[in-house]
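As a plain string of letters, each chain reads:
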Amino acid sequence: MEVDVENCNVNAGGVISKEIGEINLAYMLLAQKLVKRDRAEAMFRLGVGRELADLLMNMSLSQIVKLAASNFLLCSFRLDDRPMFAVVGEGKEPALQQAHMSILMSAGQAQARVPSRMREAGSASA
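The structure contained in this document is the topic of the report that follows. Remember, predicted model here, so these are calculated numbers, not experimental data. (Residues numbered from 1 in each chain as written. Predicted model: local features only at pLDDT ≥ 70, side-chain atom pairs only at ≥ 80, totals over all residues. Heavy atoms only, no water.)

1. A closer look at the overall build of the chain
Filter applied, for reference: Numbering of helices and strands runs from the N terminus; a helix is a DSSP stretch of H or I covering at least four residues, while a strand is a stretch of E covering at least two. Burial here depends on accessible area, computed with a 1.4 Å probe over protein chains only, as a share of the maximum for the residue type. Under 20% is buried, over 50% is exposed, and the range in between is partly exposed. The contact rule is simple, with two residues in contact once any of their heavy atoms fall within 4.5 Å. For the accessible areas, the method is Shrake-Rupley and the probe is 1.4 Å, while residue cover comes only from the protein chains on display.
Along its length, the chain carries six helices and zero strands. Scanning the chain from its N terminus toward the C terminus, one meets helices and strands in the order α-α-α-α-α-α. For the chain, the residues scored as buried account for 19% of the 126 residues in total. For the chain, the proportion of contacts with a sequence separation of at least 24, taken over those separated by at least 6, is 56%. For the chain, the accessible surface area stands at approximately 9,800 Å², while carbon and sulfur atoms represent 59% of it.

Now the structure itself:
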């Protein structure tokens, strides 16, 4: 029995691309919904700046569908951060877990902004 490995890879790649497109579309629609509902909260939850929040809010459905069709995952997940996993665990109060997660996420966003502000300050003084 002969197996056409090349076609299997193409088919698997096609399925994966389709699944990535579905994730992208769901994420983009959710992100736009969040931004339209509460821009500041969406910026915090999604980890995006004002420009991207405004862009998301003003995109048409056809623009979102076209962008979501990419082979690249458009969203990023923040589950790789070890302190976040340390907060979540059995036997911990859910409300306390959410409070700790919010603090960690806020701290992460603040730390991410510091280098960009330093770059801006450096370019302004040059």
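Structure shown, so let's carry the discussion forward.
2. Description of a nonpolar patch on the surface
As a reminder of what qualifies: Patch building starts from residues that exceed 30% relative accessible area and form no salt bridge, then joins like charges within 9 Å and nonpolar side chains (Val, Leu, Ile, Met, Phe, Trp, Tyr) within 5 Å. One speaks of a salt bridge when a side-chain nitrogen belonging to Lys or Arg is within 4 Å of a carboxyl oxygen belonging to Asp or Glu.
On the surface, I23, L73 and F77 cluster together to form a nonpolar patch covering roughly 300 Å² of accessible area. Within the secondary structure layout, I23 lies in helix α1 (residues 5–37). The class of I23 is partly exposed, set by a relative accessible area of 40%.

3. Observations regarding the packing of helix α2 (residues 39–46) against helix α3 (residues 50–58)
In plain terms, the rule: The convention used is that axes are lines fitted to C-alpha atoms, helices contributing only their stretch in contact, and that angles between N-to-C directions extend from 0 to 180 degrees. Geometric relationships in this document are graded by angle, where less than 35 degrees denotes roughly parallel, more than 145 denotes roughly antiparallel, 65 to 115 denotes roughly perpendicular, and other angles denote oblique. Crossings are assigned a handedness: left-handed for a near helix turned anticlockwise from the far helix by less than a right angle, right-handed for a clockwise turn. Residues are grouped as follows: Ala, Val, Leu, Ile, Met, Phe, Trp, Tyr, Cys and Pro are nonpolar; Asp, Glu, Lys and Arg are charged; all remaining types, including Gly, are polar.
Relative orientation of the contacting elements α2 and α3 amounts to 115 degrees, with a least axis distance of 10 Å. As the angle between them shows, α2 and α3 are arranged roughly perpendicular. Judged by the twist between their axes, the crossing of α2 over α3 is right-handed. Contacts between α2 and α3 involve R39, M43 and L46 from the first element and R50, A53, D54 and L56 from the second. Here the residues of the contact of α2 with α3 sort into four nonpolar, no polar and three charged.

4. Quick look at the environment of Q97
The residue Q97 is located in helix α6 (residues 94–125) in this model. A relative accessible area of 16% places Q97 in the buried class. Each C-alpha atom of the pair Q97 and A86 lies 9.7 Å from the other, and the pair is eleven residues apart in sequence.

5. Side note on the pattern of salt bridges
According to the stated counting rule, one finds two salt bridges in the structure shown. With a closest N to O distance of 3.0 Å, E41 and R45 form a salt bridge. Taken together, the residues span about one helical turn, with E41 and R45 both in helix α2 at a distance of four residues. Classification of E41 as partly exposed rests on a relative accessible area of 35%.

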